[in-house]
Amino acid sequence: MPSTLLSRRDLDFLLHDWLRVCQLVERPRYAEHSRETFDDALDLAERVATEQFAPHNRAADLAEPTFDGQRVRLIPQVRAALDSFAETGLLTAGLDASVGGLQLPHAVAAACFTWFQAANVATSAYPFLTLGNANLLLAHGSAEQVDTYVRPMLEGRFFGTMCLSEPHAGSSLADITTRAEPQADGTYRLFGTKMWISGGDHELAENIVHLVLARIPGAPLGVKGISLFIVPKVLVGADGSLGDRNDVVLAGLNHKMGFRGTTNTLLSFGDGGHTPGGRPGAVGHLVGAPHQGLAQMFHMMNEARIGVGAGATALGYTGYLKSLAYARQRPQGRPVGAKDPAAAQVPIIDHPDVRRMLLAQKSYVEGALALVLYCARLLDEQKTAPDDADRARAHLLLDVLTPITKSWPSQWCLAANDLAIQVLGGAGYTRDHDVEQHYRDNRLNPIHEGTHGIQALDLLGRKMTMQGGAGLALLTRTIGDTIERARRAGGEAAGLADRLAGAVDRVTAVTGRLWADGDPVLALANASAYLEAVGHVVIAWMWLEQVLALPPEGAGDAFHAGKRQAARYFFTVELPRTGPQFDLLASRDRTTLDMRTDWF
Ligand SMILES: Cc1cc2nc3c(=O)[nH]c(=O)nc-3n(C[C@H](O)[C@H](O)[C@H](O)COP(=O)(O)OP(=O)(O)OC[C@H]3O[C@@H](n4cnc5c(N)ncnc54)[C@H](O)[C@@H]3O)c2cc1C
């Protein structure tokens, strides 16, 4: 039975036939690796995800975490799965050998982690957050901070969080008010409230390392006055031993629509619930220099944003595979035109409208997976390309693609989950099948790590204009290279290339038109339409890339024919959706801008 979590065949196609990850082993960082070690890591991820993560996905959803005022309780399978995960060593898959990492290419490490997200996105959130936290400290923390906090996290003994949001400051982090008061011994004491903190309390690990954004008194207003602090739940001595309980307490759990196995918390810092050193105040350690907190946090957020896109993709992918399996075995109705009422019913996959829903899902989830792995491959280029110019190019392209890689899968793989429910009909609307949970879990992804609207502002307001438009120019040039290759390849690929070229020309023209008079109010009024249109163009590009990696038409098997058909679907049904969006943007439409708030 093929897995209904992900398709290993697709992962192998993307990693090897398309992204050629084995070429990376020629670079010193990956010299210890080979196709065999990549395959072993993927096999291990699939096995542990299937055996340890998938079986309690539903149970953790039904029995969400509880708090009795003292302790947070989760179902025991969560801890058991996380212990198994720690044993795989995959937490450190992409990290340096110097910190115990496997130094796998990011593209392979990302593919491995996607298995866990598809199997159980809520349980996989704990290592996801911990790795992001550890990566940030590896980049910006001191050697002592790495020793004290990162090593235990990488060993699976401590878990990590990211504490940015406050009840009154979610999208607008400039308005956070948590305060960090300097102490004579070089530490800080933190006072304030953080909202929505995932993994903010539990007993799954010996300790929780919170990374907290706060203001030092007298700091400049706005984002330039935000600093970053390590605040452990339990204080850690110089020898690594655990000491006093820090003054950070759980004020309550949030009860969510999905992602229920991940605790989500309101945390109080410094309210005197504990008194380390005999007085209230959460003991914190500054990371790097003061007032650099948001820039440092962006290090983690960019990675987290691509990870959110990967999680959205994984949920869309498993929903697609489950609805496909259902459609193959559910008998219902007869083909249009069948005259004999006594004839056996056909499986619903025989109905073109059901194939439409499956094909739409396939085009979304396989397109999104390609984008996620392409970005992970760019991370490898950014880190290891022999040439400075190639590393800089990868960095810039990744910067431009990040809001799209976060938002496009969050929107369209959620749409895939919606279609998966529809394929199952009434059964899809019940808790007897997984697809409704996948939809609820995936509904978070357009909200956290920067909402859809905030990503849109980032793409059009920052990424497309930075360095005098260098990001936009690089994106269109890179897509242009694919178009040229497709034209040289001829046949159907050349036809798809012409259609993509038309859409790319519109991206350039519309971006120029939006910024023609430099008025950001009008330019950004329809930023979400821009994000969605450019996202579709980028996914069409990902499909053309995949078509170019296929064997010549007629030479492959059913897998290759399915890829080709999904590409046709995306170009025929999806890419044309961008036309009206580009028209709206080019007209600098003012409908939303002119809507007065008192007219609602
Ligand atoms: C389950 C869950 C887990 C989370 N985990 C974490 C975590 O671990 N750590 C953490 O720090 N945070 C976490 N968050 C917080 C999350 O990042 C925020 O919810 C998100 O940033 C939005 O903030 P908000 O909820 O305050 O909504 P708001 O910022 O109030 O936004 C509400 C709406 O207004 C729009 N909006 C707001 N400002 C603008 C603007 N300037 N222009 C256009 N539109 C705007 C938004 O796009 C959104 O549609 C989590 C949230 C949830 C729900």
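Residues numbered from 1 in each chain as written. Predicted model: local features only at pLDDT ≥ 70, side-chain atom pairs only at ≥ 80, totals over all residues. Heavy atoms only, no water.

The protein chain carries the name Acyl-CoA dehydrogenase in an unreviewed UniProt entry, which gives Micromonospora arborensis as its organism. In its Sequence similarities (unreviewed entry) section, UniProt records this for the protein chain: "Belongs to the acyl-CoA dehydrogenase family." (UniProt positions renumbered as here; feature names shortened; annotations may be inferred.)

### Looking at the overall build of the protein chain
Along its length, the protein chain carries 19 helices and 12 strands. Its C-alpha atoms give the protein chain a radius of gyration of 25 Å, near enough to 25 Å, the size a compact globule of 600 residues would have. Its C-alpha atoms give the protein chain principal-axis dimensions of roughly 85 × 60 × 60 Å. Here the protein chain holds 600 residues, and the buried ones make up 56% of them. A total accessible area of about 24,000 Å² is found for the protein chain, and carbon and sulfur atoms account for 54% of it. Measuring between centres, the 56 positive side-chain charges of the protein chain sit 4 Å from its 65 negative side-chain charges. (Helix = DSSP H or I, 4+ residues; strand = E, 2+ residues; numbered from the N terminus. Rg over C-alpha atoms; globule rule 2.2 N^0.38 Å. Buried < 20%, exposed > 50% of the residue type's maximum accessible area, 1.4 Å probe, protein only. Areas by Shrake-Rupley, 256 points an atom, 1.4 Å probe, with all protein chains shown as cover. Lys, Arg positive; Asp, Glu negative; His and termini not counted. Charge placed at Lys NZ, Arg CZ, Asp CG, Glu CD.)

### Focus on the pairing of strand 9 (residues 242-245)
For strand 8 (residues 234-236) and strand 9, the ladder comprises 2 bridges, and the chain directions are antiparallel. Bridging from a neighbouring strand, Val-236 pairs with Leu-242 of strand 9. Joining the antiparallel neighbours strand 8 and strand 9 is a turn of 5 residues, in which Gly-240 adopts a positive phi near 90°. (Pairing = 2+ DSSP bridges.)

### Some remarks on the UniProt feature "domain: Acetyl-CoA dehydrogenase-like C-terminal" (unreviewed entry) in the protein chain
Under the local residue numbering, the UniProt record ascribes the feature "domain: Acetyl-CoA dehydrogenase-like C-terminal" (unreviewed entry) to residues 477-595. In residues 477-595, helix accounts for 78% and strand for 0%; the two terminal C-alpha atoms are 38 Å from one another.

### Description of the environment of Gly-89
Assignment of secondary structure puts Gly-89 in the loop between helix 4 (76-88) and helix 5 (106-119). Relative accessible area serves as the criterion here: at 22%, Gly-89 is assigned to the partly exposed category. Along the sequence, Gly-89 and Arg-47 sit 42 residues apart, while their C-alpha atoms lie 14 Å from each other.

### Comments concerning helix 2 (residues 35-53)
Taking 1.5 Å of rise per residue, 19 residues should cover 27 Å, and helix 2 covers 26 Å from first to last C-alpha, within 8% of that figure. For helix 2, the set of buried residues is Phe-38, Asp-39, Ala-41, Leu-42, Ala-45, Val-48, Ala-49 and Phe-53. Looking at the packing, one finds that the buried side of helix 2 touches helix 1 (8-18), helix 3 (57-62), helix 4, helix 5 and helix 6 (121-140). (Expected span 1.5 Å × (residues − 1). Contact = heavy atoms within 4.5 Å.)

### Here's the deal with unusual backbone geometry
Positioned with a positive phi, Gln-467 is a non-glycine residue whose angle comes to about 50°. Its identity as a non-glycine residue notwithstanding, Arg-588 has a phi of 50°, on the positive side. By the element assignment, Arg-588 lies in the loop between helix 18 (578-586) and helix 19 (591-594).

### Things to note about the site of the ligand
What surrounds the ligand is a group of 18 residues, the closest being Met-162, Ser-165, Ser-171, Trp-196 and Thr-451. Contacts to the ligand include Ser-165, whose side-chain N or O atom sits 2.8 Å from a nitrogen atom. Ser-198 places a polar side-chain atom, nitrogen or oxygen, 2.9 Å from a nitrogen atom of the ligand. Against a free-state accessible area of 960 Å², the protein chains account for coverage of 62% of the ligand. Within the residue set of the shell around the ligand, elements represented by two or more residues are strand 3 (158-163), strand 5 (188-198) and helix 12 (452-463). With 3 residues, strand 5 is the single largest residue contributor to the shell around the ligand. Per-class residue counts for the shell around the ligand are 9 nonpolar, 7 polar and 2 charged. (Near = heavy atom within 4 Å. Polar contact = N/O pair within 3.5 Å; in protein donor to acceptor, adjacent residues only side chain to side chain. Nonpolar A, V, L, I, M, F, W, Y, C, P; charged D, E, K, R; others polar.)

### A few points about the pattern of salt bridges
Pairing between side chains of opposite charge can happen when the charged atoms of each approach one another. For the structure shown, the criterion picks out 40 salt bridges. Salt-bridge contacts for Asp-61 lead to Arg-440; the nearest nitrogen and oxygen are separated by 2.8 Å. Placement of Asp-61 in helix 3 and of Arg-440 in helix 11 (residues 435-442) is noted, with a sequence separation of 379 residues between them. The exposure class assigned to Arg-440 is buried, which follows from its relative accessible area of 12%. A network of salt bridges, in which partner residues are shared, links Arg-8, Asp-12, Arg-35, Asp-39 and Asp-43. (Salt bridge = Lys/Arg side-chain N within 4 Å of Asp/Glu carboxyl O.)

### Examining the packing of aromatic side chains
Geometry of an aromatic ring pair is reported as the spacing of the ring centres plus the angle between the planes. For the coordinates displayed, the defined rule picks out 16 aromatic pairs. Aromatic pair Phe-85 and Phe-113: ring centres 6.2 Å apart, planes at 75°, arrangement edge-to-face. Taken together, the residues Phe-85 in helix 4 and Phe-113 in helix 5 connect sequence positions 28 residues apart. On the accessibility criterion, Phe-113 (18% relative accessible area) is buried. Where Phe-85 meets Phe-116, the ring centres are 4.8 Å apart and the plane angle is 85°; that geometry is what we call edge-to-face. Of this pair, Phe-85 sits in helix 4 while Phe-116 sits in helix 5, and the two are 31 residues apart along the sequence. (Phe/Tyr/Trp six-rings, centres within 6.5 Å; stacked < 30°, edge-to-face > 60°.)

### Examining the packing of helix 1 against helix 17 (residues 558-574)
Following both chains from N to C, one finds helix 1 and helix 17 inclined at 75°, their axes separated by 12 Å at the closest point. Classified by the interaxial angle, the pair formed by helix 1 and helix 17 is roughly perpendicular. Seen from helix 1, the contacting residues are Arg-9, Asp-10 and Phe-13; seen from helix 17, they are Phe-559, His-560 and Lys-563. (Axes fitted to C-alpha atoms, helices over the stretch in contact; angles between N-to-C directions. Parallel < 35°, antiparallel > 145°, perpendicular 65-115°, else oblique.)

### Thoughts on helix 6
Compared with an ideal rise of 1.5 Å per residue, which puts 20 residues at 28 Å, helix 6 spans 28 Å between its outermost C-alpha atoms and is within 8% of the ideal. Among the 20 residues in helix 6, 15 count as buried, and that is most of the element.

### What about the side chain of Gln-117?
Relative to the elements of secondary structure, Gln-117 occurs in helix 5. In this view, Gln-117 contacts Ser-124, Phe-128, Gly-307, Ala-310, Gly-311, Ala-314 and Leu-315; residues no more than four positions away in its chain are not counted.

### Points about the side chain of Thr-482
Structurally, Thr-482 can be placed in helix 13 (residues 466-489). For Thr-482, the side chain forms a polar contact with the side chain of Glu-545, separated by 2.7 Å. What Thr-482 contacts, discounting residues up to four positions off in sequence, is Trp-541, Leu-544, Glu-545 and Leu-548.

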